[in-house]
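Coordinate inspection notes
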Amino acid sequence: MPAIQEIPEAVFQETITRAVQEVFKTMLNQNVTHVPMNAEETKACLGLDTPHVVSTVGFIGSINGLIYLYMQDAFAAQCAGNMLGMDAAEIKEAGDETVNDAIGEITNMTVGTFKNQLSDKGFPCKLTIPSILRGSNFQIESITAATRRTYKFAIGPNSLIADLLMQPPSE
Amino acid sequence: MRYKILSVDDSKTVRIIIKKAFKLYDCDILEGANGVEGLALATKETPDIILLDVTMPVMDGVEMLTKLKADPVLKSIPVIMLTAEGGKEHVLKIAKIGVRDYIVKPFKEELLVQKVGRIIDLKPITDAPAKAKSIFDPATLLVVEDKPAIFAQIQEGLKHTPWQVHGVASTGEAIDFCGRTAVDLVMISLSLPDESAFTLFRVLRTNLKTKYTPIFGLVVKTDVAAQQMAQQVGFTGIATKPIDISELESKVAKAMNLDTSLRYFKNESDLLIMSLPEVVTPTVINEVTGYIKGKVAEAVDSGINKAVFDLHEVKRLDMNIIKMLLTAMQTCREVALQYSLVGNSTLLADCKGYEDTRNWQFHDSIADARQGLQKLAGAPA
């Protein structure tokens with residue numbers, strides 16, 4: 001089994017891309033395309049200035065990490081409606097809690113699919129319970145020991161950011 | 001009996017998706033948000049199957065599963081894990097505790113229904129106990145036959161019915177068709193290559209949408225071996241080639257449990273009219289005989305006190321028809337329903353040849369018969 005640091009960058013990109021694609025295709029019947037970003041674009045996409053829903057699920061085991069999924073409020077509501085078979089008015093009536101729960105589940109499935117691929121590569125780990133942040137003017141900082149990888153995906157006219165923060169297990 | 005499916009997941013979203021997936025099936029969905037709630041519900045309700053998540057607060061799915069399997073009452077309830085935890089090691093560990101199946105999220109609703117349907121006998125919700133479908137209601141029939149002439153013969157023969165007859169030439173097309181259309185009856189040619197008719201039969205029977213759909217085998221009359229095999233595997237019926245359309249129509253109607261009584265019986269103001277067709281086959285006799293008591297009772301119940309047996313189209317009288325008519329007459333007499341016959345000169349002549357019918361008299365039309373019955377009712381006792 002290689003050390004986590006030895007896994008090539010391309011493997012992470014491929015693994016998270018496959019996870020996002022599988023979840024959105026299966027649960028929402030939507031196609032997903034990876035959108036490459038340069039360092040400046042990456043930094044810019046993590047600084048939020050419009051209402052966003054940010055959902056996170058962690059994994060603990062041979063690798064410890066967190067994955068944050070960022071999506072704009074309106075897109076989050078649209079995804080929730082699509083997944084639950086509700087129209088825009090019904091989602092509005094159901095409230096933010098329903099959207100939070102649906103986005104939490106999308107994140108749970110995405111991180112689950114990502115970490116299951118890692119588990120099968122020899123890095124077994126377990127999922128944590130999802131948590132949700134909402135806001136329009138905040139930035140998530142990573143701890144210094146963590147390796148951060150940020151990926152952008154296009155889903156129709158909308159964007160999804162996947163922010164991976166990972167570190168090897170403490171000895 | 002409505003099945004109970006217990007869904008244990010901390011995500012309300014997943015519980016809603018599960019409810020949505022099973023809303024077309026005759027089952028109740030119970031919900032628990034963690035292992036503690038799940039165990040309490042399992043004890044109280046004894047569900048027929050449990051869909052269990054792994055990662056949950058308070059008590060996770062592994063702990064709940066372990067406790068279930070340790071309980072002598074609950075241990076036999078089948079459990080399907082429905083979880084984002086899909087690493088091989090994890091799956092193996094859970095499989096050792098004892099689960100019937102394992103679905104890794106994300107999942108399609110169809111897959112979930114299919115897997116549950118393999119464990120419990122899920123049935124689609126029907127409109128029952130609404131009125132039974134009648135012979136005059138539309139239905140969709142699928143003919144799986146690689147010989148276009150046979151399909152054309154069936155389609156042409158049934159074109160007087162309200163049924164839509166669709167034809168496909170291969171099993172793949174049939175599976176696609178059944179996937180996107182609600183089919184009321186399937187006819188499969190048993191002479192499709194490589195015994196694929198039997199493979200298709202099995203596929204249709206494992207699919208919840210077609211699990212209870214009547215399936216007929218189409219086979220040459222002399223191919224007894226294929227007919228026996230079809231009966232053994234559970235085909236609903238056999239239609240033999242060359243195809244006798246009227247026989248096929250009757251078999252199809254019977255298999256679809258259609259009410260064919262409207263072909264023969266109608267209530268017209270104060271009159272119950274029973275009409276027989278030109279050719280009275282044994283099938284017709286069976287059908288009519290089966291309906292007589294119910295139809296007479298129904299007529300009396302709705303205030304009708306006269307009946308007409310309209311035989312003017314019947315070409316020939318025989319003992320089977322006579323027996324059926326005698327039954328009808330006896331049934332009418334039992335409830336004091338006056339009756340009269342409408343016929344033709346051939347029937348009148350035929351009647352002279354039988355002891356039971358020698359004195360039968362026929363009116364020329366239903367209007368005449370009605371008038372006759374009215375006079376009879378007005379006559380002094």
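Residues numbered from 1 in each chain as written. Chains lettered and ligands numbered in written order. Predicted model: local features only at pLDDT ≥ 70, side-chain atom pairs only at ≥ 80, totals over all residues. Heavy atoms only, no water.

1. Some words on the domain arrangement of chain B
Each assigned domain of chain B is listed here: domain 1 (3–119), domain 2 (139–255) and domain 3 (261–378). When each unit is reduced to the centre of its C-alpha atoms, the spacing between domain 1 of chain B and domain 2 of chain B is 38 Å. (Domains from an automatic or database assignment.)

2. So, the packing of aromatic side chains
Given two aromatic rings, their pairing is described by the distance between the two centres and the angle made by the two planes. In this structure the tally under the stated criterion is five aromatic pairs over all chains. Ring centres 6.5 Å apart and planes at 75° place the aromatic pair F265 of chain B and Y291 of chain B in the edge-to-face group. In this pair, F265 of chain B is assigned in strand β11 (residues 265–268) and Y291 of chain B in helix α11 (residues 282–301), connecting sequence segments 26 residues apart. With a relative accessible area of 21%, Y291 of chain B lands in the partly exposed category. Between F309 of chain B and Y339 of chain B the ring centres are 5.7 Å apart and the planes differ by 25°, which places this aromatic pair in the stacked class. Of this pair, F309 of chain B sits in strand β13 (residues 306–310) while Y339 of chain B sits in strand β14 (residues 338–342); the two residues are 30 residues apart in sequence, bridging distant segments of the chain. Judged by its relative accessible area of 3%, F309 of chain B is buried. One aromatic cluster is present, built from ring pairs that chain together F198, F201 and F235 of chain B. Across the ring face of F12 of chain A, the terminal group of R149 of chain A is positioned such that the distance to the ring centre comes to 3.9 Å. (Phe/Tyr/Trp six-rings, centres within 6.5 Å; stacked < 30°, edge-to-face > 60°. Helix = DSSP H or I, 4+ residues; strand = E, 2+ residues; numbered from the N terminus. Buried < 20%, exposed > 50% of the residue type's maximum accessible area, 1.4 Å probe, protein only. Lys NZ or Arg CZ within 6 Å of the ring centre and 35° of its normal.)

3. Looking at the sheet that holds strand β12 (residues 271–275) of chain B
Whenever strands of a sheet pair, they do so through backbone hydrogen bonds, lying parallel or antiparallel. Residues and elements named next belong to chain B. Taken in spatial order, the four strands line up as β11-β12-β13-β14 in an open sheet, and their pairing is mixed. The strands lining the two open edges of the sheet, one partner per strand, are β11 and β14. Taken over all neighbouring pairs, the strand axes of this sheet differ in orientation by 20° on average, direction set aside. Here β13 runs beside β14; their pairing, made up of five bridges, is parallel. Pairing of V308 across the sheet is with S340, part of β14. (Pairing = 2+ DSSP bridges. Axes fitted to C-alpha atoms, helices over the stretch in contact; angles between N-to-C directions.)

4. Notes on the sheet that holds strand β6 (residues 139–144) of chain B
All names here are of chain B. Pairing is parallel in the open sheet, where five strands are placed in the order β7-β6-β8-β9-β10. One side of each edge strand has no neighbouring strand; the edge strands of this open sheet are β7 (163–168) and β10 (237–241). Mean inter-strand twist for the sheet, computed between neighbouring axes without regard to direction, equals 25°. Both strand β9 (residues 215–220) and β10 contribute to a ladder of five bridges, which runs parallel. Its bridge partner being in β10, L218 is matched across the sheet by A239. On the sheet, helix α7 (residues 171–180) packs against β6 and β7 and is oriented at approximately 165° with respect to β6. Most of the contacts of helix α8 (residues 196–206) go to strand β8 (residues 185–189), to which it runs at about 160°, and overall it touches β6, β8 and β9. (Contact = heavy atoms within 4.5 Å.)

5. With respect to empty space enclosed by the protein
Residue and element names in this part refer to chain B. In total, this model carries two cavities of 30 Å³ or more according to the counting rule given. Here the largest cavity is characterised by a volume of approximately 50 Å³. Lining of the largest cavity is provided by I238, A239, T240, P242, I243, D244, E247, L248 and K251. Listing elements by their share of the lining of the largest cavity, those giving two or more residues are β10 and α10 (245–255). For the lining of the largest cavity, the residue count by class is five nonpolar, one polar and three charged. Here the second largest cavity is characterised by a volume of approximately 30 Å³. Contributing to the lining of the second largest cavity are F265, L272, M274, I292, V296, F309, A328 and C332. (1 Å grid on protein atoms, 1.4 Å probe; cavity = no way out; pocket = protein on both sides within 12 Å on 5 of 7 lines; lining within 4 Å. Points joined across faces, edges and corners; volume = space filled by probe spheres on them. Nonpolar A, V, L, I, M, F, W, Y, C, P; charged D, E, K, R; others polar.)

6. Structural notes on helix α2 (residues 39–46) of chain A
Residue and element names in this part refer to chain A. Within the span of α2, buried status applies to T42, C45 and L46. Here the buried residues of α2 occupy an arc of 95° about the axis, which is enough to place them on one side. Facing away from the buried side of α2 by over 90 degrees, the exposed positions are E40, K43 and A44. Among the structural elements, β3 (64–72), β6 (147–155) and β7 (158–167) are those in contact with the buried residues of α2. N-capping of α2 is provided by N38, with a side-chain oxygen placed 3.2 Å from the backbone N of E40. (Arc of directions from axis to C-beta. Polar contact = N/O pair within 3.5 Å; in protein donor to acceptor, adjacent residues only side chain to side chain.)

7. Structural notes on the interface of chain A and chain B
In this assembly, 26 residues from chain A lie in contact with 23 residues from chain B. Of the roughly 1,900 Å² buried between chain A and chain B on both sides combined, carbon and sulfur atoms contribute 58%. Broken down residue by residue, the surface that chain A buries against chain B is led by L84, D101 and I129 of chain A, which jointly contribute 23%. Across the pair K105 of chain B and E105 of chain A runs a salt bridge whose closest N-O atoms are separated by 3.3 Å. If you list the elements that add at least two residues to the side of chain A that touches chain B, you get α1 (9–28), α3 (73–84), α5 (96–120) and β4 (125–127) of chain A. A per-element tally of the side of chain A that touches chain B places α5 of chain A first, with 12 residues. When grouped by side-chain class, the residues that make up the side of chain A that touches chain B number 10 nonpolar, nine polar and seven charged. (Buried area = accessible area lost by both parts, 1.4 Å probe. Salt bridge = Lys/Arg side-chain N within 4 Å of Asp/Glu carboxyl O.)

8. Considering the pattern of salt bridges
Residue and element names in this part refer to chain B. Applying the stated criterion to the full structure yields 33 salt bridges over all chains. A salt bridge links K211 to D121; its shortest N-O distance comes to 2.9 Å. Taken together, the positions of K211 in the loop between α8 and β9 and D121 in the loop between α5 (109–119) and β6 put the pair 90 residues apart, joining distant regions of the chain. Exposure remark for K211: the relative accessible area of 19% places this residue in the buried category. With a shortest N-O distance of 3.7 Å, E298 and K295 are connected by a salt bridge. With a gap of three residues between them, E298 and K295 both fall in helix α11, about one helical turn apart. What makes E298 partly exposed here is its relative accessible area of 44%. A relative accessible area of 14% means that K295 is categorised as buried.

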